[in-house]
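Understanding the architecture of this molecule
Spelled out from the first residue to the last, the chains are:
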Amino acid sequence: MPKLIDTSDGLWSIEYATQLVREASPDDKDEAIAEAAALLVEIRAVVCKFKLRPCVRTKYNRAAFQSSKNNNLRLTIDRDITVIDETCNNAEDGSWCLDEYSVIPINAVVKVPYGVFEVKVSGGQDPLFIEELIESGAIVKANKFSKFLTGAAIHNAAAVNMLPWWADDPLFAPLFKKPRRRSSAIVTKRSADMQKNAATSPAAGEAPDDDLIAAEEGNGTSDEANFKLGLRQRLKGKKEDNPTIAPRSPARVEPKSFYANERTFIQWVSAALMMMAVAELLFASARESVSTSALVAGNFMMSVAFVVVIYGLVLYYRRLFLMVNSKPYGYSDAMGPAVFAAFVLTGIGLVLWWTNSNFVYAQPKLVQQEGVCVKRYLGGVDLLQFEPSDLTIDEKNGLLLVASVNEIVAIPDGLSTSMEDAKILYQSPDGEEDFEAIEIIDEVVYAISEQTSKTSDIVVFGAVAEGRLVPTSRYNTNSPQVEGMAYIPSSNWFAQPSLVLAGLQSDSILSMHTYDFPLPTNSPVENPITLTWTALNSKIFSRNLRLTEPKVSAMQYFDGLLYLLFDNAILIRAFDSNGNMVQETMLPVAVEGFEKQWEGMELQRKDGDLILHLALDSPPQVWSLKLESAQGGAGWRLPSCAT
């Protein structure tokens, strides 16, 4: 023993352990010695790991009864049980335990207030006299009672995490220190268990965990009054400053408990699936709207779903282990619901943040107001065939030119309320044109005619008698689905004057091309030449727009800024020459149900006022709005009749 507890030389090798075993048992076979040596090495490792030392000595007088013919029944009675604290050993000779002449404190010796009557039955029925003793109250069944555990707990009550269940007994209770408060709930359950199990018979079979029967010392035939003072009596009510005490009996696990555990796991998984569904909706929104907030919220919800599944799985197997091993405690889960609730609340906060940051508020209603919001008169045109697509200003003649499917008409510019019919400047004789954009450059009219989904033509018009327009040149552009055109003469934008066209490569990808200006002169209407283009980084202009919103229906270069009208997004954006967005203005609703039909825009300064002309495709309308203007550049605001 001194060698075993002396950890100064560390762990033992199997060879050294074999040598010790062979010296102790030289007559044993090699196989038995090898098994004993392996066990010794394992014991040595535990001693070294936990620095184990003798802590308690148990002393008692035992009387044993057994038939000389068989071992079917074995009875032992232990009396005068005393537990001694071995940790007070201060022997100078290095002895590993107390000797017969050691002087120790009086509180190191504790007399156990009970005798122990142990019954071992190997087959057959329980002896009848055991049942009679239990019914008479002379003995009380005490499952898993241990003399060693009693001594270790008594002398180390402040160090152990949980006292044995019999520490709750009235005669045992004074022997244990009380470093912390005991749970009254456990006491109540154990009290009920004691009353329930007091009259049960001892278990049959000879095994390491045989039942022990504890009888009060010196009471062979206790009456009912005395018996209630023994192990059958449980302390009731709440006690202060008592340590936690283990339950008396293993938990009774019924088959339905396993099903309940499985249902709980399924509920955790269901919660995770719900979060995955929410995350996928957020991901879908992020893909459609290119929304960073939706992506962040979706990633968080998906991460929470992953954690919930892992946590539910761990909790399921933990409780399964407790039930299989009949553990009476450890089933409660105080942390999980709190953490889960925190995750859910955080997820709700992220969803609210995403919803509010991406919420599209109802567009303001556009109403007429004299001299401010003017709905222009479009008499003289067939409104069932007229589809305004773009606008431009003829400063020389004071006209606002409106492009439609196969015609170009003119009405007075400014905030005119004239009731004169619109003047038709050009009408396609064969109806094969589809004018989408119009621009006047150096008093020459340029119009975009969409031919196919992949090509668009630039048509140049010259003026003839009575202001009528006639095509003089035509150019193929190979720019797809063009609906916006702007002329930029400033060298701050490009090295030379350029014509910028905006279209769509597909239903959701903006395409912007530039063409050097002036255009070549040798391109007749009958045999147009194809122009070469230079692509712009269109992502700069369409950033943060939803998947279906990058479509540009009109453009204008005005006061050094490039204005783009995004009809599906119902807004106008202004950009400087560095690609910085300096203004974004939401457009009002002219007709409910046609919010995304704004197809044309044109800014104009007239008589000191800044005017925004807007063309609605369906139903055909043209509006002129007097803006609340800043001094040059961006910063203008829509009037109150449009907000």
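Residues numbered from 1 in each chain as written. Predicted model: local features only at pLDDT ≥ 70, side-chain atom pairs only at ≥ 80, totals over all residues. Heavy atoms only, no water.

**A closer look at the overall build of the protein**
As a reminder, the rule being used: Comment: elements are numbered from the N terminus, with helices defined as DSSP H or I runs of at least four residues and strands as E runs of at least two. Only heavy atoms enter the contact rule, under which two residues are in contact if any of them lie within 4.5 Å. In short, Shrake-Rupley with a 1.4 Å probe defines the accessible areas, and a residue's cover is counted only from the protein chains shown.
When you go through the protein residue by residue, the secondary structure sums to 11 helices and 27 strands. Partitioning the contacts of the protein with sequence separation of at least 6, the portion at a separation of at least 24 is 60%. Summed over its atoms, the accessible surface of the protein is roughly 33,500 Å², and 55% of this surface lies on carbon and sulfur atoms.

**Describing the side chain of Ser-404**
Selection criterion: Polar contact is the term for a pair of N or O atoms within 3.5 Å; when the atoms are in protein, one must be able to donate a hydrogen and the other to accept it, and sequence-neighboring residues count only if both atoms are side-chain atoms.
Of note, Ser-404 is situated in the loop between β9 (399-403) and β10 (407-412). A distance of 2.9 Å separates a polar atom in the side chain of Ser-404 from the backbone nitrogen of Glu-387. Apart from the residues within four sequence positions on either side, Ser-404 is in contact with Gln-385, Phe-386, Glu-387, Pro-388, Ser-389 and Phe-435.

**What about the pattern of salt bridges?**
Heads up, the rule is: For this analysis, a salt bridge means a side-chain nitrogen from Lys or Arg found within 4 Å of a carboxyl oxygen belonging to Asp or Glu.
Considering all chains together, one arrives at 17 salt bridges under this definition. The salt bridge involving Arg-62 is made with Asp-78; its shortest N-O contact spans 2.7 Å. Taken together, the positions of Arg-62 in strand β1 (residues 56-66) and Asp-78 in strand β2 (residues 73-85) put the pair 16 residues apart, joining distant regions of the chain. One network of salt bridges, in which partners are shared, links Glu-483, Lys-551, Asp-567 and Glu-599.

**Considering the sheet that holds strand β20 (residues 534-535)**
For the record, the criterion: Should DSSP find at least two bridges between two strands, the strands are taken to pair.
If you trace the 4 strands from one edge of the open sheet to the other, you get β16-β17-β18-β20, paired in antiparallel fashion. Because the sheet does not close on itself, it has two edges, and the strands there are β16 (484-488) and β20. For β16 and strand β17 (residues 498-504), the ladder comprises 5 bridges, and the chain directions are antiparallel. The residue bridging Met-485 from the neighbouring strand is Leu-501, located in β17.

**Focus on helix α2 (residues 14-24)**
One turn of the α-helix equals 3.6 residues, which is why residues spaced by three or four share an orientation. Cut-off, in case you're wondering: The buried label goes to any residue with under 20% of its type's maximum accessible area, the exposed label to any with over 50%, and the partly exposed label to all in between, with areas taken from a 1.4 Å probe on protein chains only. By arc we mean the arc of the directions from the helix axis to the C-beta atoms, nothing more.
Within α2, burial applies to Ala-17, Leu-20 and Val-21. Around the axis of α2, the buried residues are gathered within 95° of arc, so they sit on the same side. For α2, the exposed residues set more than 90 degrees away from the buried face come down to Glu-15 and Glu-23. In this structure, the buried residues of α2 make contact with α1 (2-5) and α3 (30-50).

**Concerning the confidence of the model for the protein**
Fine structural detail should not be taken from predicted coordinates in areas where pLDDT scores are low. Counted only if it meets this: pLDDT expresses, on a scale from 0 to 100, how confident the predictor is about each individual residue.
When pLDDT is averaged across the protein, the result is 80; 84% of the residues are at 70 or more. Confidence scores differ between elements of the protein, with helix α6 (residues 184-197) showing the lowest mean pLDDT of 35 and β16 the highest of 95. A low-confidence stretch, residues 178-240 (pLDDT under 50), is modelled with 156 contacts involving residues beyond four sequence positions or located in other chains.

**A word on the state of the cysteines**
Our working rule: In this description, the term disulfide denotes a pair of cysteine sulfurs within 2.5 Å.
As enumerated under the stated definition, the model contains 1 disulfide in all. The partner cysteine of Cys-373 in its disulfide is Cys-641, sulfur to sulfur 1.7 Å. Its S-S torsion of about 75° marks the bond between Cys-373 and Cys-641 as right-handed, since a negative value means left-handed. Note that Cys-373 is positioned in strand β7 (residues 373-375) and Cys-641 in the segment after β27 (621-626), a separation of 268 residues in sequence. This pair shows no difference in class: Cys-373 is buried, exactly as Cys-641 is.

**Some points on the sheet that holds β10**
Strand pairing in a sheet is mediated by backbone hydrogen bonds. Such pairs are either parallel or antiparallel. This is how the line gets drawn: Axes here mean lines fitted to C-alpha atoms, for a helix over just the part in contact, with angles spanning 0 to 180 degrees between N-to-C directions.
On the basis of which strands lie adjacent, the open sheet formed by 4 strands has the order β8-β9-β10-β11 and antiparallel pairing. Since the sheet does not close on itself, it has two edges, and those belong to β8 (390-394) and β11 (423-427), each with one partner. Averaged over all pairs of adjacent strands, the angle between their axes in this sheet comes to 25°, without regard to strand direction. Bridge count between β10 and β11: 4 bridges; the pairing is antiparallel. Residue pairing in the sheet places Ile-408 in a bridge with Tyr-426 of β11.

**Quick look at the nonpolar core**
This is how it is decided: Remark: nonpolar core denotes a set of buried residues (Ala, Val, Leu, Ile, Met, Phe, Trp, Tyr, Cys) joined through side-chain atoms within 4.5 Å.
Counting 28 residues, the largest nonpolar core has Tyr-563, Trp-598, Met-601, Leu-612 and Leu-614 as its most contacted members. If you list the elements that add at least two residues to this core, you get β21 (552-558), β22 (561-566), β23 (571-575), β25 (598-606), β26 (609-616) and β27. A per-element tally of this core places β26 first, with 4 residues. Residues in contact with Met-601, not counting those within four places in the same chain, are Asp-390, Leu-391, Ala-554, Gln-556, Tyr-563, Leu-565, Ile-572, Leu-612, His-613 and Leu-614. If you look at the next biggest cluster of nonpolar residues, it comprises 20 residues, including Tyr-114, Phe-145, Ala-152 and Phe-172.

**Focus on the packing of α2 against α3**
Put simply, the rule reads: Comment on the angle field: the value is read as roughly parallel under 35 degrees, roughly antiparallel over 145, roughly perpendicular from 65 to 115, and oblique elsewhere. Should the near helix be turned anticlockwise from the far one by less than a right angle, the crossing is left-handed, and should it be turned clockwise, the crossing is right-handed. All residues other than Ala, Val, Leu, Ile, Met, Phe, Trp, Tyr, Cys, Pro, Asp, Glu, Lys and Arg, Gly among them, are scored as polar; the first ten of these are nonpolar and the last four charged.
Interhelical geometry of α2 versus α3 gives an angle of 120° and a closest axis separation of 8 Å. With respect to each other, α2 and α3 are oriented oblique. Seen along the crossing, α2 lies across α3 with a hand that is right-handed. Between α2, through Ile-14, Ala-17, Thr-18, Leu-20, Val-21 and Arg-22, and α3, the contact on the second element is made entirely by Asp-30, Ile-33, Ala-36, Ala-37, Ala-38, Leu-40 and Val-41. Class assignment for the residues of the contact of α2 with α3 results in 10 nonpolar, 1 polar and 2 charged.

**What about the packing of aromatic side chains?**
The following threshold applies: When two rings of Phe, Tyr or Trp (its six-membered ring) have centres within 6.5 Å they constitute a pair, described as stacked for plane angles under 30 degrees, edge-to-face for angles over 60, and tilted for the intermediate range. Geometrically, a lysine NZ or arginine CZ counts as sitting over a ring once it is within 6 Å of the ring centre and also within 35 degrees of the ring normal.
By the definition in use, this model includes 19 aromatic pairs. These aromatic residues form a ring-pair network of at least three members: Tyr-114, Phe-145, Trp-165, Trp-166 and Phe-172. Seen from the ring of Tyr-60, Lys-147 lies directly overhead, with NZ or CZ sitting 5.1 Å from the centre. Geometry around Phe-566 places Arg-573 over its ring, the cationic atom sitting 5.8 Å from the centre.

**Observations regarding helix α5 (residues 147-155)**
Within α5, 7 of the 9 residues are buried, which leaves it mostly tucked inside the rest of the structure. Among all positions of α5, only Lys-147, Thr-150, Gly-151, Ala-152, Ala-153, Ile-154 and His-155 are buried. Its side-chain oxygen 3.5 Å from the backbone nitrogen of Phe-148, Ser-146 forms the N-cap of α5.

**So, the pairing of strand β12 (residues 435-441)**
With 7 of 7 residues buried, β12 is to be regarded as a mostly interior element. Judged from the 6 bridges that link them, β12 and strand β13 (residues 444-450) form a sheet pairing that is antiparallel. In the sheet register, Phe-435 faces β13, and the bridge partner there is Ser-449. Between β12 and β13, which pair antiparallel and follow one another directly, the connecting turn spans 2 residues, one of which, Asp-442, has a positive phi of 55°.

**Quick notes on the environment of Gly-349**
You can see Gly-349 is positioned in helix α10 (residues 335-358). Taking the C-alpha atoms as reference, Gly-349 lies 9.0 Å from Ala-297; in sequence the two are 52 residues apart.

**What about the environment of Phe-306?**
You can see Phe-306 is positioned in helix α9 (residues 292-324). Remark: the alpha-carbon pair of Phe-306 and Met-276, spanning 30 residues in sequence, is separated by 8.7 Å.

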